[in-house]
Amino acid sequence: MLEYDHTWDKLLKINTTGRDDSKADEYRYPYEPTPYCVLERLADSGLIRKGDSVLDYGCGKGRVDFFLAHQTQAKTIGIEYDERIYALAIENQKTAASRAAFILARAEAYEVPQEVNRCYFFNPFSAEILHKVMARILESYYENPREIFLFFYYPSEEFISYLMTVDELEFYDEIECDDLFEGDSRERIMIFQLPGFRI
């Protein structure tokens with residue numbers, strides 16, 4: 001798996017491998033990049049296309065952003081709170097084969113741009129922070145009603161329990177990935193939808 005990730009990094013002209021928990025605590029979780037084999041399934045879903053705008057929460061060194069921009073031609077924006085890891089995303093930006101934007105900010109304080117219609121999460125933070133982030137997403141949704149898909153890779157039970165209580169959200173589908181990692185039932189991307197307003 002690691003060799004495959006190195007191959008994709010080389011193709012995209014970036015360096016995103018390795019785990020980093022130097023600033024992790026009970027609210028903000030370690031940097032660990034989504035495996036490329038999972039990102040391939042996401043890109044192949046057809047739910048992210050040219051013209052879409054993807055917001056990647058806890059983007060780390062930018063793997064999701066560069067990959068999705070390269071594979072789908074979508075606009076990608078990564079949010080990262082750790083200044084040191086954010087600096088590594090900016091370094092990758094200088095050599096990358098695809099374009100992505102990065103913002104140094106705490107997710108719960110970031111105002112979601114009104115063109116964003118896709119959001120990606122790989123357990124970047126606690127459910128407490130997710131509550132605040134969802135409030136920001138909903139603010140943006142009501143200011144500019146549009147269909148928004150939210151993708152949660154390897155979701156925790158805490159995340160799922162909370163998401164099922166958000167009235168505006170509808171469970172849409174999931175992308176199974178457990179065959180890639182020896183039957184781990186959490187290896188999936190759960191997809192929720194904020195539907196476009198029906199008049």
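For the structure, check the block above.
For the structure given in this document, a descriptive report is provided here. (Residues numbered from 1 in each chain as written. Predicted model: local features only at pLDDT ≥ 70, side-chain atom pairs only at ≥ 80, totals over all residues. Heavy atoms only, no water.)

**Digging into the sheet that holds strand S5 (residues 148–153)**
Strand order in the open sheet formed by seven strands is S3-S2-S1-S4-S5-S7-S6, with mixed pairing between adjacent strands. The strands lining the two open edges of the sheet, one partner per strand, are strand S3 (101–104) and strand S6 (170–176). Neighbour to neighbour, the strand axes of the sheet diverge by 20° on average, direction disregarded. Bridge count between strand S1 (residues 53–57) and strand S2 (residues 75–80): five bridges; the pairing is parallel. Bridging across to S2, Val-54 finds its partner in Thr-76. On the sheet, helix H2 (residues 36–44) packs against strand S4 (118–121), S5, S6 and strand S7 (188–194) and is oriented at approximately 130° with respect to S6. (Pairing = 2+ DSSP bridges. Helix = DSSP H or I, 4+ residues; strand = E, 2+ residues; numbered from the N terminus. Axes fitted to C-alpha atoms, helices over the stretch in contact; angles between N-to-C directions. Contact = heavy atoms within 4.5 Å.)

**Observations concerning helix H1 (residues 2–12)**
Looking only at H1, the buried set comprises Asp-5, Trp-8, Asp-9 and Leu-12. When H1 is viewed along its axis, its buried side chains cluster within an angular range of 105° and face the same direction. Exposed positions of H1 whose direction lies more than 90 degrees from the buried face are Glu-3 and Lys-10. Buried residues in H1 make contact with H2, helix H3 (63–72) and helix H4 (83–95). Immediately beyond the C-terminal end of H1, within one or two residues, lies Lys-13, with a positive phi of roughly 60°. (Buried < 20%, exposed > 50% of the residue type's maximum accessible area, 1.4 Å probe, protein only. Arc of directions from axis to C-beta.)

**A few points about the packing of H1 against H2**
Orientation of H1 relative to H2, taken along the N-to-C sense of each, is 65°, at an axis distance of 9 Å. Where H1 abuts H2, its residues Tyr-4, Asp-5, Trp-8, Asp-9 and Leu-12 lie against Tyr-36, Cys-37 and Glu-40. Across the contact of H1 with H2, the residue classes tally to five nonpolar, no polar and three charged. (Nonpolar A, V, L, I, M, F, W, Y, C, P; charged D, E, K, R; others polar.)

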